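Geometric and topological summary
Each chain, written out:
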Amino acid sequence: MLAFMKIKYIFLLLTGLFALIYWSISSARKLNEKSVSTYSLEKNEDQPKNNSKLPYQDSSLSSEERVNNLLSRMTESEKIGQMALVERKYLGNINDIAQYKLGALLSGAGSLPEPNTPQGWTQMINSFQEQTQQTRLQIPLLYGVDAVHGHGNLAGATIFPHQIGLGATHDENLIKRIGEAVAKELRATGIYWNFAPSLDIATDNRWGRTYETFGSNPDLVSRLGRALIQGLQTTSTNEPIVMATAKHYLGAGATKWGTSTNQFYFLDQGQSTITEEKLRSTHLTPFKAAISEGVFSIMAGLHSWNGEKMAGHSYLLTEVLKNELGFKGFIVSDWHGVNQINPTNKYESVVKAINSGIDMVMIPDDYKEFFEVMYEALAKEDISQKRLNDAVSRILLAKFQIGLFEKSFTDQERFYEIDLLSHKELAREAVRKSVVLLKDTEHVLPLSKNNSHILVAGSSADNLGRQSGGWTIEWQGINGNQIPGTTILQAIKQTVDTTTVVEYSEEAKFPQITDLADIGIAVVGEKPYAEGEGDQEKLHLSTEDLLVIERLKQKSKKLIVLLICGRPIDIKNINHDIDVIITAWLPGTQGSGVTDVIFGDHPFTGILPIAWPIE
Ligand code: BGC
């Protein structure tokens, strides 16, 4: 009987042991589940009892300690989620944020919430952050936008001059203050990641991204890039830091005409064959400066160097950027940049990109496929666990360092910081410092505010869309006065004496005028464009603009041509007919900065950041 009892106990013990082993194996398997669709969220499984914090949630620990702790708790699918950057409009379902444990979302240019107001942005981003609270580890999302000249997607935000204009100011202190203002406007709507500044060096004015650069001088670009990063990444006591992104690594401005891999473009996304020495001495300089300024992220461009796409360039990404220059932040790929490595083979593209050093993939649409590819690559060990952990650690480190775990939700408290009067004044200061006087041989300027009769004409005279250029509300910009601001025409009217007659006709049709006006001001230039859509072989004024200049010449004693454009336009053949030529670049919403210098309230101090031969 005793022996039977013993056997019974041993049997029960063994059964229990087997059940325990089976349970642990199946739980471990569950955690390592390869298919997201069957992976259960296991909500709160890792949550501490009694509301005590897990080490990674403890802000008194160092960011590095927190990363190590969090990483040790993460499953493979959670890690892949952190590497994914998805455009919000491609989210199949908002629950996918929790289901796939996505780490980052973006609004590409023109990808706007409804309504496009501070409330609209905040509610949208908060609702995305709420999804992360449904996940086991509750890792907050990074939300990125291209605030390349202010919070340009948001109607009502302050629109500063595009970078080419800022380049003309040569004023680091000003650029730093602009960075701070932009960061405030972003923060107010819960955005802590900006895809700016562009540290590209413009070498061919036909490039549609020339205006996104600070110009062609590597030292100037380095100094101003540093200042903008400093301003954007200024620490704030209660709010996360806004991370800057140095882009587009490396040599995006050095591509050759006609080599673009995008069939509709000519230079953008093209190929560069400059020597390594040139690449380093010219194009790498600003990135070195950005790294020493502590830039959190760097974006790999969509172009190639020596036949190799940037997103798959292990020499430039890993050997140069990470190993040689010691970049500790994370590298994000650009829009579809990874797929472009081998457009017919996504698996190969992803494997190459991650192994080359890309840490976060701007997918931006088919994230489900990205997950499948990553699982396969990890299972086959085509991507190592070491590389996976390195990429995820870099992303988490940035999230901890900027303070995102301490505050990822935003309330309305800071809406007043959008379009503050001080920001408008700052933008106006930037405009007046960016305006460059190209010709005034007869010293027509400054204009007297008491001139009795001024004629104003041209496609850009009364058009905030044209003043602001691309990356404003829409990717390719807008036309007309759909956003608040001051047009050049309005600024002229506000500046002159009440006795001065200012007449305006967009097409310079002034049939009623028989006596010559004192001054004619033609405000002409480029239509908004962005990226390769703006690649253009001949850079001259349109027939309509030339006609406006011609008509105005016949009606005024002195003719001023004010150019609103993103790059040097060829005006050699009309130069002799014009008394004064000025460029205001793409000044943004504060047109009064232009009249500040034309009417002599401030001197012209802008200096060309890029060559512009006018003779
Ligand atoms: C551009 C990047 C931009 C990204 C996200 C891409 O098309 O090349 O400069 O940051 O879109 O909007």
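Quantities reported herein were computed from a predicted structural model and do not represent experimental measurements.

Attention shifts here to the site of the ligand. Taken together, Leu 106, Gly 108, Asp 146, Phe 195, Arg 209, Lys 247, His 248, Met 299, Asp 334, Trp 335, Met 362 and Glu 531 are the residues near the ligand. Within the contact set of the ligand, an oxygen atom lies 2.5 Å away from a side-chain nitrogen or oxygen of Asp 146. Here an oxygen atom of the ligand and a side-chain polar atom of Arg 209 are 2.8 Å apart. Tallied by class, residues from the shell around the ligand come to 5 nonpolar, 2 polar and 5 charged.

Segmenting the protein into domains produces domain 1 (55–416) and domain 2 (435–598). The straight-line distance from the C-alpha centre of domain 1 to that of domain 2 is 36 Å. Contacts between the two partners involve 33 residues from domain 1 and, on the opposite side, 29 residues from domain 2. Across the pair Arg 209 and Glu 531 runs a salt bridge whose closest N-O atoms are separated by 3.4 Å. Applying the counting rule to domain 1 against domain 2 returns 20 residue pairs in polar contact (both at pLDDT 80 or more). Residues belonging to the side of domain 1 that touches domain 2 are distributed by class as follows: 16 nonpolar, 12 polar and 5 charged.

A separate point is the sheet that holds strand β13 (residues 453–457). Read across the open sheet, the 6 strands follow the order β12-β17-β16-β15-β13-β14; overall the sheet is mixed. Looking at which strands have only one partner, the edges of the open sheet turn out to be β12 (436–439) and β14 (501–505). Each strand of the sheet is rotated relative to its neighbour by a mean of 20 degrees, with strand direction disregarded. With 5 bridges joining them, β13 and β14 adopt parallel strand pairing. Directly across from Ile 454, in β14, lies its bridge partner Val 502. In the packing of helix α16 (residues 488–495) onto the sheet, contacts are made with β13, β14, β15 (517–525) and β16 (556–564), and the angle to β14 comes to roughly 170 degrees. Contacts from helix α17 (residues 543–555) reach β13, β15 and β16, with the element oriented near 175 degrees to β15.

Quick notes on the rules
Residues numbered from 1 in each chain as written. Predicted model: local features only at pLDDT ≥ 70, side-chain atom pairs only at ≥ 80, totals over all residues. Heavy atoms only, no water. Near = heavy atom within 4 Å. Polar contact = N/O pair within 3.5 Å; in protein donor to acceptor, adjacent residues only side chain to side chain. Nonpolar A, V, L, I, M, F, W, Y, C, P; charged D, E, K, R; others polar. Domains from an automatic or database assignment. Contact = heavy atoms within 4.5 Å. Salt bridge = Lys/Arg side-chain N within 4 Å of Asp/Glu carboxyl O. Pairing = 2+ DSSP bridges. Helix = DSSP H or I, 4+ residues; strand = E, 2+ residues; numbered from the N terminus. Axes fitted to C-alpha atoms, helices over the stretch in contact; angles between N-to-C directions.

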